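Geometric and topological summary
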Number of protein chains: 2
Amino acid sequence: MRKKESTDYANEQSLFQLCERNSAINMISGRWKGQIVYYISLGNDRFHLLQQKLPNISEAVLARQLKELENHAILVKREIPDTIPVGIRYLLTNKGVDLVPILDSLCNWGKSYADGKKIVVPADNNVIDLG
Amino acid sequence: MRKKESTDYANEQSLFQLCERNSAINMISGRWKGQIVYYISLGNDRFHLLQQKLPNISEAVLARQLKELENHAILVKREIPDTIPVGIRYLLTNKGVDLVPILDSLCNWGKSYADGKKIVVPADNNVIDLG
DNA sequence: CTGTATCCCCAACGATACTG
DNA sequence: CAGTATCGTTGGGGATACAG
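Residues numbered from 1 in each chain as written. Chains lettered and ligands numbered in written order. Predicted model: local features only at pLDDT ≥ 70, side-chain atom pairs only at ≥ 80, totals over all residues. Heavy atoms only, no water.

Regarding the pattern of salt bridges
Considering all chains together, one arrives at 16 salt bridges over all chains under this definition. The closest approach of N and O atoms between Asp124 of chain A and Arg78 of chain B, which form a salt bridge, is 2.8 Å. Taken together, the residues span two chains, with Asp124 of chain A in the loop between strand S3 (120-121) and strand S4 (126-127) and Arg78 of chain B in strand S1 (residues 75-80). Each member of the salt-bridge network shares a partner with another, and the members are Asp8 and Glu12 of chain A together with Arg31 of chain B. (Salt bridge = Lys/Arg side-chain N within 4 Å of Asp/Glu carboxyl O. Helix = DSSP H or I, 4+ residues; strand = E, 2+ residues; numbered from the N terminus.)

As structure tokens, then:
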């Protein structure tokens, strides 16, 4: 547990208060979160389906990331009736659904520059030469 | 340094390869990055101005975050001529400028739900009651 | 003014064994 | 099937002293 008296904790909270931008970044920071939300949006709504899509994730880590996304109300768990052992579906909330296009634009942003879009500084119009 | 043989490193790289979404999230993950990019976009382009805007950040941390943003070509450093000691301006590249509206939409996304927008699950139309 | 060097602490990721 | 418990390792944030 992060200590509530630490500067670390205080800094985090003050940033969250300053602007929702910071808590939003915090909600999607986590190695697998973007990919998990994406796969669930495509209908991979079971634990084992996500494991298949993310073959290198450990059970403990997947469970943790799902719980964090649930705590942020990005997804919810629903039990599938009359199944033994009980099956669980992961469903995006409207908050989670609203996140998807934002993650898409992040994806496109990164992709356009990874694909060779020139980096320039608008202030001086000089092209940056990346090593 | 993260060891290149570790599973940790391999997982990170495979996610970056899988989709730019993941490397983009990685670029903006870092406690102060969103706020730094925002303040620079408003014209706070000096180290000491950023320190004023972010009073709780330590010099070491600010320098680290700026260097990471520079490594991702989101900003560049420009020396101010004929200054002793030498002054540095931080300028957003076009890549950095393109990031700003995405961070804004992230901000609005978080804000709308923080402000009381109802959380529902589109699949079943049930309203979620958050404690 | 804009950093670097050093050290401490904690949280995230990961591996594995176990459970209802 | 969908987890929990535990533990090891690493990396990020922070404080402080020092430097060009």
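Notes on the protein's contact with DNA strand D
Taken together, 26 residues form the shell around DNA strand D, and within it Asn11, Glu59 and Tyr90 of chain A together with Arg2 and Lys3 of chain B come nearest. Among all atoms of DNA strand D positioned within 4 Å of the protein, those belonging to sugar or phosphate total 69%. Interatomic distance of 2.9 Å between a side-chain N/O atom of Gln65 of chain B and a phosphate oxygen of DNA strand D. Within the residue set of the surface near DNA strand D, elements represented by two or more residues are helix H1 (7-18), helix H4 (47-53), helix H5 (59-71) and strand S2 (87-92) of chain A together with helix H5 (59-71) of chain B. Per-element accounting of the surface near DNA strand D gives the leading share, five residues, to H5 of chain B. Here the surface near DNA strand D is built from residues that sort into ten nonpolar, six polar and ten charged. (Near = heavy atom within 4 Å. Polar contact = N/O pair within 3.5 Å; in protein donor to acceptor, adjacent residues only side chain to side chain. Nonpolar A, V, L, I, M, F, W, Y, C, P; charged D, E, K, R; others polar.)

Description of the protein's contact with DNA strand C
Taken together, 28 residues lie around DNA strand C, and Arg2 and Lys3 of chain A together with Asn11, Glu59 and Tyr90 of chain B are the ones closest in. Here, DNA strand C places atoms within 4 Å of the protein, and 67% of those atoms are sugar or phosphate. Arg31 of chain A places a main-chain nitrogen or oxygen 2.8 Å from a phosphate oxygen of DNA strand C. The side chain of Lys67 of chain B places a nitrogen or oxygen atom 2.8 Å from a phosphate oxygen of DNA strand C. Residue assignment for the surface near DNA strand C shows that the elements contributing at least two residues are H5 of chain A together with helix H1 (7-18), helix H4 (47-53), H5 and strand S2 (87-92) of chain B. Examining the composition of the surface near DNA strand C, we find that five residues originate from one element, H5 of chain A, more than from any other. Classifying every residue of the surface near DNA strand C by side-chain character gives twelve nonpolar, six polar and ten charged.

Regarding the interface of chain A and chain B
Each side of the interface is counted separately: chain A has 57 residues, and chain B has 57 residues. Interface area for chain A against chain B, summed over the two sides, is near 4,900 Å², with a carbon-plus-sulfur share of 64%. Of all residues in chain A, the largest losses of buried area upon contact with chain B belong to Arg21, Arg31 and Trp109 of chain A, amounting jointly to 17% of the total for that side. Between Asp98 of chain A and Lys117 of chain B there is a salt bridge, and its shortest N-O distance comes to 3.5 Å. Applying the counting rule to chain A against chain B returns 24 residue pairs in polar contact (both at pLDDT 80 or more). Secondary structure elements with two or more residues in the side of chain A that touches chain B: H1, helix H2 (20-28), helix H3 (33-41), strand S1 (75-80), S2, helix H6 (94-114) and S3 of chain A. Considered class by class, the residues forming the side of chain A that touches chain B number 31 nonpolar, twelve polar and 14 charged. (Contact = heavy atoms within 4.5 Å. Buried area = accessible area lost by both parts, 1.4 Å probe.)

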